[in-house]
Amino acid sequence: MSTAALNFSVCRQYTEASSVQIRSHFRPNSVINCKLPCNSRLFSQSGTLCIQLSAKGRSRRPSTRSSIQMTLVDESLGRRDAILTPSEILAYDLVQGPLVRWSYIADRSVPCPPTAVLLHGILGSRKNWGTFARRLAKEFPNWQFLLVDLRCHGDSASIKKRGPHTVASAALDVLKLLGHLRVIPRVIIGHSFGGKVALSMVDQAAKPLARPVRVWVLDATPGKVRAGRDGDDHPAELISFLNAFPNEVVSKREVINALVREGFSNDVAQWVVTNLRQTNRSNSSSGFSWMFNLDGIAEMYQSYEDTNLWYFILIVQTSLCIIFRNKGL
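Residues numbered from 1 in each chain as written. Predicted model: local features only at pLDDT ≥ 70, side-chain atom pairs only at ≥ 80, totals over all residues. Heavy atoms only, no water.

1. So, the overall build of the protein chain
Then comes step 1: The helix and strand tally for the protein chain stands at eight helices and 16 strands.
Then comes step 2: Intrachain contacts of the protein chain at a sequence separation of at least 6 include 68% that bridge at least 24 residues.
Then comes step 3: As displayed, the protein chain has an accessible area near 19,000 Å², and 50% of this comes from carbon and sulfur atoms. (Helix = DSSP H or I, 4+ residues; strand = E, 2+ residues; numbered from the N terminus. Contact = heavy atoms within 4.5 Å. Areas by Shrake-Rupley, 256 points an atom, 1.4 Å probe, with all protein chains shown as cover.)

2. Some words on the packing of aromatic side chains
Then comes step 1: The tally for this structure, following the rule as stated, stands at eight aromatic pairs.
Then comes step 2: Taken together, a centroid distance of 5.5 Å and an interplanar angle of 85° make the contact between F241 and F245 edge-to-face. We note that F241, like F245, is buried.
Then comes step 3: Ring geometry for F241 versus F264: centroids 6.1 Å apart, planes at 45°, classification tilted. A residue pair is termed long-range when its members are at least 10 positions apart, and F241 in helix α4 (residues 235-243) and F264 in the loop between α5 (252-262) and α6 (266-272) qualify at 23 residues.
Then comes step 4: A network of ring pairs unites the aromatic residues F241, F245, F264, W290 and F292 as a single cluster.
Then comes step 5: Stacked on the ring of Y304, the Lys or Arg K196 has its end atom at 4.8 Å from the ring centre. (Phe/Tyr/Trp six-rings, centres within 6.5 Å; stacked < 30°, edge-to-face > 60°. Buried < 20%, exposed > 50% of the residue type's maximum accessible area, 1.4 Å probe, protein only. Lys NZ or Arg CZ within 6 Å of the ring centre and 35° of its normal.)

3. What about the sheet that holds strand β13 (residues 248-249)?
Then comes step 1: An order of β13-β15-β14 is seen for the three strands of this open sheet, with the pairing classed as antiparallel. Each edge of the open sheet carries a strand with a single partner, namely β13 and β14 (276-278).
Then comes step 2: The sheet contact formed by β13 and strand β15 (residues 288-290) spans two bridges and is antiparallel. Note that in β15 the partner of E248 across the bridge is S289. (Pairing = 2+ DSSP bridges.)

4. So, a nonpolar patch on the surface
Then comes step 1: A cluster of nonpolar residues, Y311, L314 and I315, forms a patch on the protein surface that exposes about 390 Å² of accessible area.
Then comes step 2: When its relative accessible area of 74% is taken as the criterion, L314 is described as exposed. (Patch = residues over 30% accessible without salt bridge, like charges linked within 9 Å, V, L, I, M, F, W, Y side chains within 5 Å. Salt bridge = Lys/Arg side-chain N within 4 Å of Asp/Glu carboxyl O.)

5. Here's the deal with the nonpolar core
Then comes step 1: Ranked by size, the top nonpolar core spans 60 residues in total, and within it L119 and L242 carry the most contacts.
Then comes step 2: At seven residues, the largest contribution of residues to this core is made by helix α2 (residues 167-181).
Then comes step 3: Excluding anything up to four places from it in sequence, L242 contacts L123, L259, V272, W290, F292 and L294.
Then comes step 4: In terms of nonpolar packing, the next biggest core, distinct from the first, is built from twelve residues, W129, A133, L147 and I189 among them. (Core = buried A, V, L, I, M, F, W, Y, C linked by side-chain atoms within 4.5 Å.)

6. Here we look at the pairing of strand β10 (residues 144-148)
Then comes step 1: Here β10 lies mainly inside the structure; five of its five residues are buried.
Then comes step 2: The alternating pattern of β10 places Q144, L146 and V148 on one face and F145 and L147 on the opposite face, and all of these are buried.
Then comes step 3: Two elements, strand β8 (residues 92-96) and β10, share five bridges in a ladder whose sense is antiparallel. Directly across from D93, in β10, lies its bridge partner L147.
Then comes step 4: Alignment of strand β9 (residues 115-119) against β10, held across four bridges, turns out to be parallel. Within β10, the position partnered with L118 by the bridge is L147.

7. Description of the packing of α4 against helix α7 (residues 294-306)
Then comes step 1: Relative to each other, α4 and α7 sit at 170°, their axes nearing to 10 Å. With respect to their mutual orientation, α4 and α7 come out roughly antiparallel. The handedness of the crossing between α4 and α7 comes out as left-handed. Contacts between α4 and α7 involve P235, A236, I239, L242 and N243 on the former and, on the latter, L294, D295, I297, A298 and Y301.
Then comes step 2: In terms of residue class, the contact of α4 with α7 is built from eight nonpolar, one polar and one charged. (Axes fitted to C-alpha atoms, helices over the stretch in contact; angles between N-to-C directions. Parallel < 35°, antiparallel > 145°, perpendicular 65-115°, else oblique. Left-handed = near helix turned anticlockwise from the far one by under 90°. Nonpolar A, V, L, I, M, F, W, Y, C, P; charged D, E, K, R; others polar.)

8. Thoughts on the pattern of salt bridges
Then comes step 1: Within the structure shown, the criterion is met by six salt bridges.
Then comes step 2: Its salt-bridge partner being D173, residue K161 comes within 3.8 Å of it at the nearest N-O pair. Highlighted residues: K161 in the loop between β10 and α2 and D173 in helix α2, separated in sequence by twelve residues.
Then comes step 3: For K161, a relative accessible area of 23% puts it in the partly exposed group.

9. Quick word on α5
Then comes step 1: Every buried residue of α5 is listed here: V255, I256, A258 and L259. The arc that holds the buried residues of α5, viewed along the axis, is 165°, so those residues lie on one side.
Then comes step 2: Buried residues in α5 make contact with α4, β13, α6, β14 and β15.
Then comes step 3: Positive phi shows up at G263, right after α5, with a value of about 110°. (Arc of directions from axis to C-beta.)

Pasting the structure below:
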């Protein structure tokens with residue numbers, strides 16, 4: 001048994017493997033295909049790639065086993081700037097149509113398929129778009145749909161982000177994610193806060209996008225807003241009320257009842273509790289904890305109200321579809 005530090009990355013993962021493809025950073029052989037015996041096992045343990053080889057001979061002796069351990073070395077070592085993986089920028093799902101055969105870690109010469117980016121509103125998450133994206137993938141089998149958790153929301157709340165938490169910074173996060181995934185979207189769809197994020201993305205693009213991009217802005221106006229008119233739910237008050245809750249609650253029903261008593265609609269209350277995650281799934285009596293960063297979200301919502309992108313609408317050459325309804329969420 002020996003241990004050696006090699007600079008490589010695993011392109012595909014296997015648990016019970018007969019072959020494995022390893023991408024080397026040495027030229028000219030950039031990809032190494034390793035053929036393993038059928039009884040071999042490939043697994044990772046404490047940052048070390050372990051390959052356990054088993055061979056059965058015709059003799060009566062028990063089968064022999066040998067193991068090879070190779071330490072996984074981050075390819076960013078020795079460089080000034082650490083290289084981030086896409087999941088370290090934002091949490092995301094990539095819903096692909098049944099005819100799509102593409103991955104961002106594949107050969108860079110392979111063009112990405114037509115892609116639509118779907119952006120949720122304040123206090124939402126990428127799960128809000130899940131059912132819709134899967135339906136679209138069936139209708140458009142050659143397309144893929146990128147769903148993200150914006151900063152301070154969903155699984156992205158655990159990713160440390162520098163302030164200020166604004167529409168512009170949320171848009172820059174998504175642009176960075178697209179750059180790491182090597183994706184140029186053809187469609188960007190944003191709901192409410194996500195609608196302004198979509199506009200800001202195109203506004204901040206370092207250069208004109210390689211192809212026309214359709215931007216759909218739903219339930220939002222590009223200008224400054226003061227949401228929460230009579231009869232509507234007040235987002236700022238909702239955020240403030242949620243801030244009074246402890247980090248963990250006993251049940252979702254407890255939160256729903258409290259929101260309804262406070263005057264928020266039942267629909268909003270039901271939607272808000274989708275941000276609760278069970279703290280210990282193995283214990284049925286465990287409570288729930290919030291998935292978002294409310295302090296950051298409060299800052300983001302203030303930016304949503306104050307951001308004015310009408311100037312961009314007047315000069316943009318991108319095809320836009322804006323639905324003015326402005327519920328403010």
